[in-house]
Amino acid sequence: MANLLIVDDEEKIRALIKKYALYEGHHVTEAPNGMAAIELCRTQLFDIIIMDIMMPELDGFSSVKEIRKFQDIPVLMLSARGEEYDKIHGFELGIDDYVVKPFSPKELMMRLEAIMKRFRHTGTTVHEVFEKDGFHADFTARKILIDSQPVDLSPKEYDLLFYLIKNRTIALTREQIITEVWGYAYGGDDRTLDTHIKLLRKSLGEYAQFITTLRGVGYRFEG
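Model, not experiment: these values are computed from the prediction.

J.: Report on the environment of V75, specifying residues and quantitative values.
T.: As for its position among the elements, V75 is in strand β4 (residues 75-79). Taking the relative accessible area as the measure of exposure, V75 reaches 2% and is therefore buried. As for V75 and I48, which are separated by 27 residues in sequence, their C-alpha atoms are 5.8 Å apart. Beyond its immediate sequence surroundings of up to four residues, V75 is in contact with I49, M51, V64, R68, I95, D96 and D97.

This is the structure in structure tokens:
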């Protein structure tokens, strides 16, 4: 499953891609233009971006240039034009693939999967970072900083916090969290989760409020 960002000013196009992406099991976020995509990429981590070229405010090429300044994310570019110049310019920017509209949604999903496989196969490491005010989470270095000071967490606390951050703004059930962080074979009771949440909040200090309790459901990271 990929965390996918769809960027297109046409709502119908976004809806079509989203329908097929959700069917394939991907998590989908939408952006109606390049500026919105850049802001999303500053605060969220995506595995791949499907980016339209021709958009108001900021075109796809310029958006990719800006995003690549702080995140190296695979990009599949969409265009209503099939001009060779667009393809060459896109590949010069490091675009991973290029699809011309109108396109087959099934083919698009196959191309997306091919990009993800190449990315995994090459072992490329994306330096993933999340920052909010004085809170800094470096997923690649497995490091948490608060006001530039390192926070010492246990391995499982890192796993739990990173899972919450990567799925921020999503209401996560207790079962989901336990399954993803502790594994399907976990046989303990869910009080272990509550204990780890308490320890995390204590370690996060003034940023403890980032972890919200959803009564009767589970937890959500709202940083």
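J.: Could you give an account of the pattern of salt bridges, with specific residues and numbers?
T.: Within this structure, the stated rule accounts for 15 salt bridges. Between E66 and K69 there is a salt bridge, with the nearest N and O atoms lying 3.1 Å from each other. Here E66 falls in the partly exposed class, since its relative accessible area comes to 24%. Judged by relative accessible area, which is 64%, K69 ranks as exposed. Look at the salt bridges and you will find they share partners, linking D8, E10, D52 and K101 into a network.

J.: Could you give me a rundown of the pairing of strand β8 (residues 143-146), with the residues and numbers involved?
T.: Where strand β7 (residues 135-138) meets β8, 4 bridges bridge the pair, whose relative direction is antiparallel. Pairing of D138 across the sheet is with K143, part of β8. Connecting β7 to the next strand, β8, in antiparallel fashion are 4 residues, including R142 with a positive phi near 55°. Pairing analysis gives 2 bridges linking β8 to strand β9 (residues 149-150), with the strands arranged antiparallel.

What counts, and where the lines are drawn
- Residues numbered from 1 in each chain as written.
- Predicted model: local features only at pLDDT ≥ 70, side-chain atom pairs only at ≥ 80, totals over all residues.
- Heavy atoms only, no water.
- Helix = DSSP H or I, 4+ residues; strand = E, 2+ residues; numbered from the N terminus.
- Buried < 20%, exposed > 50% of the residue type's maximum accessible area, 1.4 Å probe, protein only.
- Contact = heavy atoms within 4.5 Å.
- Salt bridge = Lys/Arg side-chain N within 4 Å of Asp/Glu carboxyl O.
- Pairing = 2+ DSSP bridges.

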